[in-house]
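# Remarks on the overall topology
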Amino acid sequence: MQAETQSPLYAIASQFDTARITSIKAHGNGNVNDTYIAVASDKTRYILQRVNTAIFTSPEIVMSNMQTATKHLNQCIQNRKLIWKVQRVIPSKTKKNYYIHTDGTFWRMISFIEDAHSVDILDSHDKALELGKAVGLFHSLMAEIPHGTLAYALEGFHIVPQYLQAYDKILAQHTPLSDKETDYALRFIQKHRKEAVRLETGKKHGILPLRVIHGDLKINNIMFSRANDRAISIIDLDTVQPGLIHYDIGDCMRSSCNRHGEETQAWEEVCFDTERLRYIWRGYLEHAQGLMSEQEYAYIYDAIFAITFEIGLRFFSDYLAGNIYFKIHYPKNNLFRALVQFRLGQSIHSQKEAISRILAEEKAKYMQCATARS
Ligand code: GN1
Ligand code: MG
């Protein structure tokens, strides 16, 4: 115990304004930051994180965006009596919302959402509905913050043409080995690169407006109550910044409608589950149906395809570049992650009609109910 509390992590945790920290353990499976659970002598649990400053090069912006978002969410909860939990940023003893250690590393502490859990794979339609409601609620509340009040925590985030440019550059420098997996990835990117930029075209033409987005709305950032399986929080507010809500919707759908999860090596079995889509979309519309124009609705299929393509492209580019961005657990981890997304993308592409039909059906149903209610 003595040796344990001498780890530099304890010195770092002691910089935050909490009771004495008595235990620290690694937590979660984030791909960029290092995350720990710190328990204090009064039994309160906290999340202690080292922010990856090679990626978030202005971490103060991350923290100030996070505070703007959490302040607004807390006000909404109080004023509208919502059943929702928001992570609190714990101040440092010098009253900052972060601590920079003597070795230059950047740390923050946030409250732990108790009595809740996240999932990597949805096991029921009820959870899918709940997940959609959570995302819709989050978007509708964030839309009340003018996007110009937030700075960019990550420039270029989700901008597919920029990821393609970076990929072309990497490819010009490294000739990848020819094997079945790599060939599949190369061919998929080549075949679909034109379709994957549609959101950016919509943005350029003024059809898709900027709003405040989450930026990383994948399935395991949504928390469910242990008591009743209601979605009660959305965590990981690192990338709250101006963007297209389509990025979030795409990210949510690609991560939630893949029953094999993001980390499987059985990539050839991956497919996009349209029934999950139906329930998530239904839940989303319950809270957010008034947010988008008809023209914006017309880009939802494109969003699902584009973000799946984008995440695959980023994994594959990182594999080719020598795994410098995403943490890996085995040498070909990023290659297999990319293949999972590309296979999912292929499945989305081949079900375009069914996906578009489900999106339209649910929207029409919602509109009918809304009219009947009014
Ligand atoms: C990264 O670290 P994590 O899991 O919160 C990445 C997301 C990807 C995700 C894929 C800042 O998020 O964009 O969708 O991995 N975050 C950043 O699992 O690049
Ligand atoms: Mg994240």
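Quick caveat: nothing in here was measured; it's all calculated off a predicted structure. (Residues numbered from 1 in each chain as written. Chains lettered and ligands numbered in written order. Predicted model: local features only at pLDDT ≥ 70, side-chain atom pairs only at ≥ 80, totals over all residues. Heavy atoms only, no water.)

### Regarding the site of ligand 1
Not every one of the 16 residues close to ligand 1 is listed here, only the nearest: Asn31, Lys218, Glu262, Arg314 and Tyr325. Within the backbone of Val32, an N or O atom sits 3.2 Å from an oxygen atom of ligand 1. Between an oxygen atom of ligand 1 and a side-chain N or O atom of Lys218, the distance comes to 2.6 Å. In isolation ligand 1 offers 440 Å² of accessible surface; the protein chains occlude 95% of this area. According to the grid-proximity analysis, the pocket containing ligand 1 is the largest pocket. Examining the composition of the shell around ligand 1, we find that three residues originate from one element, helix α11 (residues 300-321), more than from any other. The class makeup of the residues in the shell around ligand 1 is eight nonpolar, two polar and six charged. Two domains each provide a minimum of three residues to the shell around ligand 1, namely domain 1 (2-57 + 87-114) and domain 2 (125-373). (Near = heavy atom within 4 Å. Polar contact = N/O pair within 3.5 Å; in protein donor to acceptor, adjacent residues only side chain to side chain. Areas by Shrake-Rupley, 256 points an atom, 1.4 Å probe, with all protein chains shown as cover. 1 Å grid on protein atoms, 1.4 Å probe; cavity = no way out; pocket = protein on both sides within 12 Å on 5 of 7 lines; lining within 4 Å. Sits in = over half its atoms within 2 Å of the grid points. Helix = DSSP H or I, 4+ residues; strand = E, 2+ residues; numbered from the N terminus. Nonpolar A, V, L, I, M, F, W, Y, C, P; charged D, E, K, R; others polar. Domains from an automatic or database assignment.)

### Re the side chain of His101
Relative to the helices and strands, His101 resides in the loop between β5 (99-100) and β6 (106-111). If sequence neighbours within four positions are ignored, His101 has contacts with Ile12 and Trp107. (Contact = heavy atoms within 4.5 Å.)

### Things to note about the coordination of the magnesium ion (ligand 2)
Taken together, Asp216 (OD) and Asp236 (OD) make up the protein donors of the magnesium ion (ligand 2), found 2.0 Å from the metal. Taken together, the residues Asp216 in the loop between β8 (211-213) and β9 (222-225) and Asp236 in the loop between β10 (231-234) and β11 (241-243) connect sequence positions 20 residues apart. You can call Asp236 partly exposed: its relative accessible area is 23%. (Donors = N, O, S within 2.8 Å, 3.2 Å for Na, K, Ca; no water. Buried < 20%, exposed > 50% of the residue type's maximum accessible area, 1.4 Å probe, protein only.)

### What about the layout of surface pockets?
In this structure, the largest pocket spans a volume of roughly 960 Å³. As for the largest pocket, its lining consists of 47 residues, of which Gly30, Asp216, Asn220, Asn221 and Asp236 are closest to the centre. Elements with a minimum of two residues in the lining of the largest pocket: β3 (45-51), α3 (59-80), β6, α8 (245-256) and α11. For the lining of the largest pocket, the element with the highest residue contribution is α11, accounting for three residues. Partitioned by chemical class, the residues of the lining of the largest pocket number 20 nonpolar, 16 polar and 11 charged. A domain-level breakdown of the lining of the largest pocket finds at least three residues from each of domain 1 (2-57 + 87-114) and domain 2 (125-373). Roughly 350 Å³ of volume is contained in the second largest pocket. Taken together, 16 residues make up the lining of the second largest pocket; nearest its centre are Tyr163, Ala166, Arg314, Ser317 and Tyr325. Taken together, the elements giving at least two residues each to the lining of the second largest pocket come down to α5 (160-173) and α11. (Points joined across faces, edges and corners; volume = space filled by probe spheres on them.)

### Notes on the pairing of β3
Counting buried positions along β3 gives five out of seven residues, so the element sits mostly inside the fold. Where strand β2 (residues 34-40) lies against β3, six bridges are found, and the strand directions are antiparallel. Residue pairing in the sheet places Val39 in a bridge with Arg45 of β3. The hairpin turn running from β2 into β3, its antiparallel successor, is four residues long, and Lys43 in that turn takes a positive phi close to 75°. Here β3 runs beside β6; their pairing, made up of six bridges, is antiparallel. Counted as the bridge partner of Ile47 is Ile110 from β6. (Pairing = 2+ DSSP bridges.)

### Some points on unusual backbone geometry
Most of the time, phi is negative for any residue but glycine, and the peptide bond is trans. At Lys81, a position not held by glycine, the phi torsion is positive, near 50°. Although it is not a glycine, Asp229 sits at a positive phi angle of roughly 65°. Structurally, Asp229 is set in the loop between β9 and β10.

### Side note on the pattern of salt bridges
Taken as a whole and assessed by the stated rule, the structure comprises 26 salt bridges. The shortest N-O distance in the salt bridge between Glu130 and Lys133 comes to 3.5 Å. Here Glu130 pairs with Lys133, and both are found in helix α4 (residues 125-142), just three residues apart, close to one helical turn. Exposure class is identical for Glu130 and Lys133. Each is buried. Salt bridges sharing partners connect three or more residues here, namely Glu275, Arg278, Arg282, Arg357, Glu361, Glu362 and Lys365. (Salt bridge = Lys/Arg side-chain N within 4 Å of Asp/Glu carboxyl O.)

### As for the sheet that holds strand β7 (residues 116-117)
Spatial ordering of the open sheet is given by β7-β9-β10, a layout of three strands whose pairing is antiparallel. Pairing within the sheet leaves two strands with one partner each, and these edge strands are β7 and β10. Direction of pairing for β7 relative to β9: antiparallel, over a ladder of two bridges. Bridge assignment links His117 to a residue of β9, and that residue is Phe224. Across the sheet, α4 touches β7, β9 and β10, and the angle it forms with β9 is around 125°. (Axes fitted to C-alpha atoms, helices over the stretch in contact; angles between N-to-C directions.)

Spatial relationships are all this shows, so hold off on functional conclusions.
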